[in-house]
Amino acid sequence: MASVVLERTGRLFISLQQIQEFPRMLTQAAPSMPGTVRDTEVPHYFRQSFVFTGYRPLHQHWRYYFLSIFQRHNETINIWTHLLALFIFLFKLLQLSAEVDFVRDPHSWPLLVLLVSSLTYTACSVAAHLLAGKSELCHYTFYFLDYVGVAQYQFGSAVVHFYYSVDEDLHRQVQGIFMPVAMVFSCLSCLGCCYGKYCNHDQPTLLHKAGQLIPSVLAFLWDISPIAKRLMFPADSQDPAAIYHLSQVVLSLSTTFFFTVPVLESCFPGWCDFMGQSHQLFHVCISCFTLSQIHSAHLDFMGRRKLYSRLHQSHEAALFARLYMANSVLCVLVVTFMLRKVRQMLDQKSKSK
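Residues numbered from 1 in each chain as written. Predicted model: local features only at pLDDT ≥ 70, side-chain atom pairs only at ≥ 80, totals over all residues. Heavy atoms only, no water.

Engineer: Give me the UniProt feature "binding site: Zn(2+)" (unreviewed entry) in the chain: which residues, what numbers.
Structural biologist: Within this structure's numbering, the places UniProt gives as "binding site: Zn(2+)" (unreviewed entry) are His129, His279 and His283. The greatest C-alpha distance among the residues just named is 11.6 Å, despite their covering 155 residues of sequence, which places them together in space. Mapped onto the secondary structure, His279 falls in helix H12 (residues 278-303). The partly exposed category is assigned to His279, whose relative accessible area is 23%. Among the polar contacts listed, one links the side chain of His279 to the side chain of His129, at a separation of 3.5 Å. Tracing the backbone shows His283 in helix H12. With relative accessibility at 1%, the residue His283 sits in the buried group. The residues touching His283, leaving out its near neighbours within four places in the chain, are Asn78, Thr81, His82, Ser125 and His129. Of the polar contacts made by the side chain of His283, one reaches the backbone oxygen of Asn78; its length is 3.1 Å. (UniProt positions renumbered as here; feature names shortened; annotations may be inferred. Helix = DSSP H or I, 4+ residues; strand = E, 2+ residues; numbered from the N terminus. Buried < 20%, exposed > 50% of the residue type's maximum accessible area, 1.4 Å probe, protein only. Polar contact = N/O pair within 3.5 Å; in protein donor to acceptor, adjacent residues only side chain to side chain. Contact = heavy atoms within 4.5 Å.)

Engineer: Residues and numbers for helix H9 (residues 225-232), please.
Structural biologist: What H9 keeps buried is the set Pro226, Ile227, Lys229 and Arg230. With its buried residues spanning 160 degrees around the axis, H9 presents them on a single face. (Arc of directions from axis to C-beta.)

Engineer: A description of the packing of helix H5 (residues 136-165) against helix H7 (residues 178-199) should follow, citing residues and the corresponding values.
Structural biologist: Working note: a packed helix pair is described by the angle between its axes plus the distance between those axes. Relative orientation of the contacting elements H5 and H7 amounts to 160 degrees, with a least axis distance of 9 Å. Relative to H7, the element H5 lies roughly antiparallel. Relative to H7, H5 is oriented so that their crossing is right-handed. Looking at side-chain class alone, the contact of H5 with H7 contains 19 nonpolar, five polar and one charged residues. (Axes fitted to C-alpha atoms, helices over the stretch in contact; angles between N-to-C directions. Parallel < 35°, antiparallel > 145°, perpendicular 65-115°, else oblique. Left-handed = near helix turned anticlockwise from the far one by under 90°. Nonpolar A, V, L, I, M, F, W, Y, C, P; charged D, E, K, R; others polar.)

Engineer: Any chance you could break down the confidence of the model for the chain for me, citing the residues and the numbers?
Structural biologist: Chain-level statistics for the chain give a pLDDT mean of 89 and a share of 88% at 70 or above. The secondary structure element of the chain with the lowest average pLDDT is helix H1 (residues 2-29), at 50, and the one with the highest is helix H4 (residues 109-131), at 98. (pLDDT = per-residue confidence, 0-100.)

Engineer: A description of the pattern of salt bridges should follow, citing residues and the corresponding values.
Structural biologist: Under the definition given, this model contains eight salt bridges. Among the salt bridges present, the one from Asp300 reaches Arg230, with a minimum N-O distance of 2.9 Å. Taken as a pair, Asp300 in helix H12 and Arg230 in helix H9 lie far apart in primary sequence, 70 residues in all. For the pair shown, Asp300 and Arg230 are each scored as buried. Overlapping salt bridges bring together Arg230, Asp239 and Asp300 as one network. (Salt bridge = Lys/Arg side-chain N within 4 Å of Asp/Glu carboxyl O.)

Engineer: Would you mind going over the UniProt feature "transmembrane region" (unreviewed entry) in the chain in detail, with residue names and values included?
Structural biologist: Per the UniProt annotation, the sites labelled "transmembrane region" (unreviewed entry) are residues 77-97, 109-132, 144-164, 176-194, 242-261 and 319-339. The span residues 144-164 is 100% helix and 0% strand, and its two end C-alpha atoms sit 31 Å from each other. The span residues 176-194 shows a helical share of 89% and a strand share of 0%, and its end C-alpha atoms are spaced 29 Å apart.

Engineer: Quick one: what's the story with H5, residue by residue and with numbers?
Structural biologist: In a regular helix each residue adds 1.5 Å, so 30 residues correspond to 44 Å; H5 covers 43 Å between its end C-alpha atoms and thus fits that length. Counting buried positions over the 30 residues of H5 gives 26, a clear majority of the element. (Expected span 1.5 Å × (residues − 1).)

Engineer: Just give me the short version of the nonpolar core, but keep the residues and values in it.
Structural biologist: Ranked by internal contacts, the top residues of the largest apolar core, which has 81 residues, are Leu111, Phe144, Tyr164, Met179 and Cys190. No other element matches the 16 residues that H5 contributes to this core. If near-sequence neighbours (up to four positions away) are discounted, Phe144 is found in contact with Cys194, Lys197, Val335, Met338, Leu339 and Val342. (Core = buried A, V, L, I, M, F, W, Y, C linked by side-chain atoms within 4.5 Å.)

Structure (structure tokens):
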């Protein structure tokens, strides 16, 4: 017995030693990681409002940008907020897989679509904030990828809201148009975000924000309409999912506010270069929104089965899953088209120098 205890204690001691050695190993792996630079040393469309320092220099080795996840710069918090959210959503997927038959139960597929779209948008966001600083082309490429993640998540939200949360009256009114309109709004959101980012190289930031915000708000209002109607005209005062649906509405308003208004950094210019930026709070709010959405969708999946089984035909879950994949492909095609315009713009810019 004593030998077992000693053996386990020895293993724990070795593990702690390895953890303590990690910073030194990181330094040896990248002994000359350059420091951050000021906003004046990066292209103007790389800059964030009221953030003056903490920018990573361009045209470094890929290893530098991957390892910068452990470096202090103005994107560190943005990376880690959505990286932690990614792990939480992955844990939720594994947790729900133990009690939901995602393989043989077609009615569970909209819930799976929501989980996959949540993992996708957080992964795309992490990639954008981690790697977009390498070059001008990478800046556009990875942020366009981020917009694909946002658009496919919007459509995933529409799928789960329409399948589980819709009531009979609204279903009767929008049955044939809800998902096609959601797909159009999703693609317009992707296009608007990409075009706003594309125009940002020579246009005011306001146009960039408007291109991102207006289509996304329209998509959100359409996608959340089944929930809004349930909250305004509750059929069941004991609905266990109601509090989570309400929290989605509150968090969506917070998300929109922090995405649009640079609160702290505008009040304290230069003091929020590392922490306190509105975009960081936006990441936290949207992650909490998604977590609440997953929980409410699971409650609706469990508690409203008799209703949605009657409203939706047996093949609709598979159809919605295929529409989700088709929507993602369309968004990728939008990004491919916009990247061609970006390449042309960057080529003209290099020739004019």
